[in-house]
Amino acid sequence: MSHVIEMLNIRKEFPGIVANDDITLQVEKGEIHAILGENGAGKSTLMSILFGLYHPDRGIIKVKGKEVKITNPNDANDLGIGMVHQHFQLVQNFTVTENIILGKESHFILDRKSAAKKIKALSEQYGLKIDPNSVIEDITVGMQQRVEILKMLYRDAEILIFDEPTAVLTPQEIEELMQIMRNLVKEGKSIILITHKLDEIKAVASRCTIIRRGKMIGIVDVATTSQAEMASMMVGRPVSFKVEKGEVEVGSPVLEISHLNVLNVKKYFAVKDFSLTVSRGEIVGIAGVDGNGQSELVEAITGLRPIESGTLTFNGKDMTHYSIRERNEAGIGHIPEDRQKRGLVMESSISDNMVIKEYYREPFSKNGVLRQQVIDKHAEEICEAFDVRSGEGIFSHAGKLSGGNQQKAIVGREMVLEPDLIIAVQPTRGLDVGAIEYIHKRLVEHRNKGKAVLLVSFELDEIFNLSDRIAVMNSGELIDVVYTQQTNEDQVGLMMAGVKSKEASV
Amino acid sequence: MSTKVKSNAFLVAISAVILGLIAGGLLMMAIGSNPFEGFYYLFRGGLMSMERVGNTIATAITLMLVGLSVAFAFKTGLFNIGASGQMLIGGLAATLVAHYVFLPRVIYIPVIILAAFAAGALWGVIPGFLKAKFNVHEVVATIMMNWIAYWSIYYFIPAYLKGPSLETESRSIAIEQSLRSDWLTDFFGGGYINLGIFVAVVAVIVVKYVLDKTTLGFELKAVGSNRFCAEYAGIKVNRNVIISMMIAGGLAGLAGMTFYTGYSRNIQIGVLPSMGFDGIAVALLGASNPIGVFFSALFFGLLQSGKGFMNAMTDVPPEIADTIIATIIYFTATSVLFSRFWDKVGKRKKERNDARTAKAEAQESDHE
Ligand SMILES: Nc1ncnc2c1ncn2[C@@H]1O[C@H](COP(=O)(O)OP(=O)(O)OP(=O)(O)O)[C@@H](O)[C@H]1O
Ligand SMILES: [Mg+2]
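Note on numbering: residues in each chain are counted from 1, in written sequence order. To label them, take the chains in the order written and letter them from A, then take the ligands in the order written and number them from 1. For this predicted model, a pLDDT threshold of at least 70 governs which residues receive local features, and a threshold of 80 or more governs which side-chain atom pairs are given and counted, while totals over whole chains, interfaces and linings are taken from all residues. The side-chain figures draw on all heavy atoms in the structure; neither hydrogens nor water molecules are used.

**Description of the overall build of chain B**
Inference 1: Secondary structure counts use DSSP, requiring at least four H or I residues in a row for a helix and at least two E residues in a row for a strand, with both numbered from the N terminus. Secondary structure assignment for chain B yields 15 helices and zero strands.
Inference 2: Categorising residues by exposure relies on relative accessible area from a 1.4 Å probe, with only protein chains included: less than 20% of the type maximum marks a residue as buried, more than 50% marks it as exposed, and the intermediate range marks it as partly exposed. Burial analysis of chain B (368 residues in total) assigns 54% to the buried set.
Inference 3: Whether two residues are in contact is decided by their heavy atoms: any pair within 4.5 Å suffices. Summarising the internal contacts of chain B: among those between residues at least 6 apart in sequence, 77% fall at separations of at least 24.
Inference 4: Calculation of accessible area relied on Shrake-Rupley with a 1.4 Å probe; when residues are assessed, cover is drawn exclusively from the protein chains displayed. About 16100 Å² of surface is accessible on chain B, with carbon and sulfur atoms providing 68% of the total.

**A short note on the overall build of chain A**
Inference 1: From N to C terminus, chain A includes 18 helices and 22 strands.
Inference 2: Atoms considered for the radius of gyration are the C-alpha atoms alone. The globule rule reads 2.2 Å times the number of residues to the power 0.38. Its C-alpha atoms give chain A a radius of gyration of 24 Å, within 12% of the compact-globule value 23 Å for 506 residues.
Inference 3: For the C-alpha atoms alone, the extent of chain A along its principal axes is close to 70 × 50 × 50 Å.
Inference 4: Split into buried and exposed, the 506 residues of chain A put 58% on the buried side.

**Structural notes on the pattern of salt bridges**
All names here are of chain A.
Inference 1: We define a salt bridge as a side-chain nitrogen of Lys or Arg found within 4 Å of a carboxyl oxygen belonging to Asp or Glu. Applying the stated rule across the entire model yields 30 salt bridges over all chains.
Inference 2: The salt bridge involving Glu13 is made with Arg11; its shortest N-O contact spans 2.8 Å.
Inference 3: A relative accessible area of 17% places Arg11 in the buried class.
Inference 4: Where Asp420 meets Lys451, a salt bridge forms, and the shortest distance between an N and an O atom there is 3.7 Å. Note that Asp420 is positioned in the loop between α14 (403-416) and β19 (421-425) and Lys451 in the loop between α15 (433-448) and β20 (452-456), a separation of 31 residues in sequence.
Inference 5: Beyond isolated ion pairs, a larger network of salt bridges with shared partners links Arg11, Glu13, Asp21 and Lys215.

**Remarks on the nonpolar core**
Inference 1: Ranked by size, the top nonpolar core spans 81 residues in total, and within it Leu65(B), Phe72(B), Met257(B) and Phe300(B) carry the most contacts.
Inference 2: Sorting elements by how many residues they give to this core places helix α3 (residues 50-75) of chain B first, with 10 residues.
Inference 3: Once residues lying within four places of it in the same chain are set aside, the contact partners of Phe72(B) are Val207(B), Val210(B), Leu211(B), Leu220(B), Ser244(B), Ile247(B), Ala248(B) and Leu251(B).
Inference 4: Definition of nonpolar core: a set of buried residues of the types Ala, Val, Leu, Ile, Met, Phe, Trp, Tyr and Cys, connected through side-chain atoms within 4.5 Å. Among the nonpolar cores identified, the runner-up in size contains 50 residues, and Ile149(A), Ile180(A), Ile201(A) and Ala205(A) belong to it.

**Here's the deal with the packing of helix α5 (residues 105-134) of chain B against helix α6 (residues 138-160) of chain B**
To describe two helices that pack against each other, one gives the angle between their axes and the distance between the axes.
Residue and element names in this part refer to chain B.
Inference 1: Interhelical geometry of α5 versus α6 gives an angle of 145 degrees and a closest axis separation of 9 Å. At the point where α5 passes α6, the crossing takes the right-handed sense. Residues Trp123, Ile126, Pro127, Leu130 and Lys131 of α5 touch α6, and the partners they reach there are Glu138, Ala141, Thr142, Met145, Ile148 and Ala149. In this analysis, axes come from line fits to C-alpha atoms, helices being fitted only over the stretch in contact, and the angle between any two N-to-C directions falls in the range 0 to 180 degrees. Left-handed is the label given to a crossing in which the near helix is rotated counterclockwise from the far helix by less than a right angle, and right-handed is the label when the rotation is clockwise.

**So, the confidence of the model for chain B**
Residue and element names in this part refer to chain B.
Inference 1: When the pLDDT values of chain B are averaged, the result is 86; 87% of them are 70 or greater.
Inference 2: Per residue, pLDDT measures the predictor's confidence, with a range of 0 to 100. Summarising per-element confidence for chain B, the mean pLDDT is lowest in helix α15 (residues 345-367) (45) and highest in helix α11 (residues 237-263) (97).
Inference 3: Below a pLDDT of 50 lies the segment residues 357-368, which in the model reaches 16 contacts outside its immediate sequence neighbourhood of four places, other chains included.
Inference 4: Two numbers describe this predicted complex: its pTM, 0.86, and its ipTM, 0.87.

**Considerations on the site of ligand 1**
Residue and element names in this part refer to chain A.
Inference 1: Throughout, the term near means that a residue has one or more heavy atoms lying within 4 Å of the molecule or strand in question. Among the 21 residues in the neighbourhood of ligand 1, the closest are listed as Gly40, Ser44, Thr45, Ser402 and Gly404.
Inference 2: Within the contact set of ligand 1, a nitrogen atom lies 3.2 Å away from a side-chain nitrogen or oxygen of Tyr54.
Inference 3: Whenever a nitrogen or oxygen atom comes within 3.5 Å of another N or O atom, the pair is scored as a polar contact, on the condition that within protein one atom can donate a hydrogen and the other can accept it, and that pairs from neighbouring residues in sequence are kept only if both atoms are in side chains. Separating an oxygen atom of ligand 1 from a side-chain N or O atom of His196 is a distance of 2.8 Å.
Inference 4: Those elements that provide at least two residues to the shell around ligand 1 are β2 (17-28), α1 (43-50) and α14.
Inference 5: All amino acids are sorted into three groups, where Ala, Val, Leu, Ile, Met, Phe, Trp, Tyr, Cys and Pro are nonpolar, Asp, Glu, Lys and Arg are charged, and the leftover types, Gly among them, are polar. Residue composition of the shell around ligand 1, grouped by class: six nonpolar, 11 polar and four charged.

**A word on the sheet that holds strand β14 (residues 309-314) of chain A**
Residue and element names in this part refer to chain A.
Inference 1: Here, any two strands with at least 2 DSSP bridges between them count as paired. Taken in spatial order, the four strands of this open sheet run β12-β11-β14-β15, and their pairing is antiparallel. Strands at the two margins of the open sheet, each flanked by one partner only, are β12 (269-279) and β15 (317-318).
Inference 2: Inspection of the sheet shows β14 paired to β15 by two bridges, in the antiparallel sense. Among the inter-strand pairings, Phe314 is bridged to a residue of β15, identified as Lys317.

**Let's talk about the pairing of strand β16 (residues 332-335) of chain A**
All names here are of chain A.
Inference 1: Of the two faces of β16, the one lined by Ile332 and His334 and the one lined by Gly333 and Ile335 are each fully buried.
Inference 2: The pairing of β16 with β19 spans four bridges and is parallel. Bridge pairing links Ile335 to Ala424 in β19.

**Quick look at the sheet that holds strand β13 (residues 283-287) of chain A**
Residue and element names in this part refer to chain A.
Inference 1: Spatial ordering of the open sheet is given by β16-β19-β20-β13-β21-β22, a layout of six strands whose pairing is mixed. Strands at the two margins of the open sheet, each flanked by one partner only, are β16 and β22 (477-483). Strand-to-strand twist in this sheet, taken as the mean axis angle between neighbours without regard to direction, amounts to 15 degrees.
Inference 2: Packed onto the sheet, helix α17 (residues 489-496) meets β13, β21 (469-474) and β22 and runs at close to 30 degrees relative to β21.

**Things to note about helix α9 (residues 294-302) of chain A**
Inference 1: By the criterion of burial, α9(A) is predominantly enclosed, with eight of the nine residues buried.
Inference 2: Burial in α9(A) covers these residues: Gln294(A), Glu296(A), Leu297(A), Val298(A), Glu299(A), Ala300(A), Ile301(A) and Thr302(A).

**Concerning α1(A)**
Inference 1: Burial runs high along α1(A): seven of the eight residues are buried.
Inference 2: One or two positions beyond α1(A), positive phi appears at Gly52(A), with a value near 85 degrees.

**A few points about the packing of aromatic side chains**
Inference 1: Aromatic contacts are taken between Phe, Tyr and Trp rings whose centres are within 6.5 Å, Trp giving its six-membered ring; a plane angle under 30 degrees counts as stacked, one over 60 as edge-to-face, and the others as tilted. Evaluation of the coordinates by the stated rule reveals 21 aromatic pairs over all chains.
Inference 2: An aromatic cluster is built from Trp147(B), Tyr150(B), Trp151(B) and Tyr154(B), whose rings are joined through pairwise contacts.
Inference 3: Lysine and arginine charges are scored as sitting over a ring when NZ or CZ, respectively, is within 6 Å of the ring centre and within 35 degrees of the ring normal. Just above the ring of Tyr154(A) sits the side chain of Lys118(A); from NZ or CZ to the centre is 4.4 Å.
Inference 4: One Lys or Arg, Arg325(A), reaches over the ring of Tyr360(A) and ends 3.8 Å from the middle of that ring.

**As for a negative patch on the surface**
Inference 1: To count toward a patch, a residue needs a relative accessible area over 30% and no salt bridge; like charges are then connected within 9 Å, while nonpolar side chains (Val, Leu, Ile, Met, Phe, Trp, Tyr) are connected within 5 Å. By the counting rule applied here, Lys and Arg register as positive and Asp and Glu as negative, while His and the ends of each chain are not counted. Every charge is mapped onto a representative atom, which is NZ of Lys, CZ of Arg, CG of Asp or CD of Glu. Together, Asp199(A), Asp461(A), Glu489(A) and Asp490(A) line one region of the surface with negative charge.
Inference 2: With respect to the helices, strands and loops of the structure, Glu489(A) is situated in helix α17.

**A closer look at the pairing of strand β7 (residues 159-163) of chain A**
All names here are of chain A.
Inference 1: Counting buried residues in β7 gives five out of five residues, a clear majority hidden from the surface.
Inference 2: Along β7, one buried face is formed by Ile159, Ile161 and Asp163 and the opposite face, lined by Leu160 and Phe162, is buried too.
Inference 3: The sheet contact formed by strand β6 (residues 81-84) and β7 spans four bridges and is parallel. Looking at β7, one finds that Gly82 is bridged to Leu160.
Inference 4: Inspection of the sheet shows β7 paired to strand β8 (residues 190-194) by five bridges, in the parallel sense. From the neighbouring strand, Phe162 faces β8, where its bridge partner is Leu193.
Inference 5: By the criterion used throughout, a crossover qualifies as right-handed when its path from the first strand across the helix to the second strand runs clockwise, the strands pointing away from the viewer. Each parallel crossover has a hand, and the one from β7 via helix α6 (residues 171-186) to β8 is right-handed.

Here is the structure:
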């Protein structure tokens, strides 16, 4: 048989949970093999076993038909297995070449030239379009990911593992990554791709292994299986991709942004003379390519970043100078862009994380003393409602949760108190289709209750599915605000590139 | 969950102690002494009589309070290396009270405690403030504060509290004005035991309570483990940095009080108390947990107070005794690092792997 990788009957337990229960994965040479599964199904765990980060409790691994023991990533590398992690491991102020040959310091000067040559050759061979001499901090996230890919190729990896590679990419970059993957398999590499996006699986994968709650459900031939079929196999019930959304009376303004100017870290204006109103009963989506000032805008509204000029009004009150806490208390919920950095305290329990904004208030504490039972109960409710799964429930450390479950916990925390305004930045990043359906439903319900949502997303689908109005941002400026029903993706796409709607509609 | 974390820290501590003792034993063997004999006298020296037990406890009291100080700051992600200076200033405040304030005992004791705490807190809050406002690293600032305390004492003692004969130390505090207490002294049959024991035990309980059960502790810990998330949640990061250093300083100030007005009854000039640094080891061995600090302070107290006897009874020189303690401290420090290392095993392994593959390649290309 031409299986390059066979993981047979793998089992892996963590305290309180069987992450992999008798899972078998067989990857053929030269294929792109997708792994699909709910959040917490055990996909990352399975890949960590293949890469030698965890040791399976049971089961065997074969590479090219030979049984192997992979006790650490070094073994994996020797066997030609490479992995692109979600969080890149690159030295920011080093060049591409330096990053790729890192560890070779003793021959640094001698090797650099020939290494750069090899890297350039590889880059051309696979269509990576990387300049070996550019410095990491100057290149985009998509480029950085390609440097990671180059790193694997430079080390002669034959089997490439991608764990949710597209979660951090813009739609254009995703398109390019797909093409790169096709090039890679054309050159005889084999790829294991973990993703929650079914259209990506459809676009590049030949077969897909589906797992649910640690168990293997089946392998499907991607070409002959519809997205809906795959989704329902994975979740165990039919999933709807369209959001049911009725008409709702738009009420009084909740958030009024007026002539806002904000500087970014490099002291350039990231938000320029930005004005926008979000009212009760509406979801306003901010569309734009990543890095066009959305992050700075959100940070300015939530108080995490000082503003240069302009005003913010919340429920009719001037909140320009409110502290972060005052904004929380006024009724702003915030699903942050970077869940690892801002969203959670990884070493703390889920329980504590669920009250990180509320701990000082009744009923969670009284006279400065925490009431742990109330806190735990609150956390239980969130985990229940938002289906946050983990080995030890609310006592699990946040860092032990799977990526998607971390995200669900944050969304739950921000939504459960029903603030007047929820600022949701990429709220469904890393979530499985079932969870996306649920979060979308909750956001719409939130609006239906006469509250407001400010949605920031790089996925046009999500923007169009949820928003009543779409505000398009380009290099810090508001290009235009349009009603979702009166526009289409092409028009918004043009505006995202900086073309005003009047010109676009001509 | 928390029990698992604790038991892990406990295992780390125990293995560090065992490794340290083994290393100490080997050291004794290397200089031709019998390690069993050495350890026998070391522990006997700390425990063989009530008086020696009392002295062991008296040593442990100070270590405990310094350990708490370091541990408390550490929970907020701060490294308080200035406990020595805070001890000196807290001790000076307590000494001044002891010389000049005469009150009934029930009022006197709270007054001296408050004075020592406030003085230490002042010495801690300054680096805290510098960190919060100007981002001056607390290690640099606390070390500077150590030397400011050192030279202040150097000047102050001879100028205002000179003893009758010696220029280099303050005049002794009257027994009734010190933390010594007749019934305690009688109970232990003499020695250095003093009321600091209650101060230390209460401090352990209070610190544990504050960290685990109060909103203040919640905030301090959140700031310590992820300041970005704390900020996002509306917690005032800078305010917590200042509070944390203030309380840490206060605790070290109390340590100074127990040392200078309890264990001894005067302050020497030209000495930065080494216990201020030993407290770092106490906190490390105790995994920055108040209960852990309690036990590790007792253990270090035992070693400290037993070493003299070992030195007297065997041919193990005092330097070797100190080396043994240092070795244990060393193993403590490294094994805590090891446990952190294991905590982050996934991440580290990956990094190491990257380095290794790069190296492997380097070798490969050598052959080419
Ligand atoms: N180091 C760990 N300690 C304890 N439990 C863990 C650990 N790593 C993973 N788990 C648990 O194992 C289960 C599977 O996690 P895994 O990360 O493999 O999920 P996943 O399929 O990658 O999910 P996602 O799509 O959300 O990334 C989860 O319930 C998670 O809480
Ligand atoms: Mg995962």
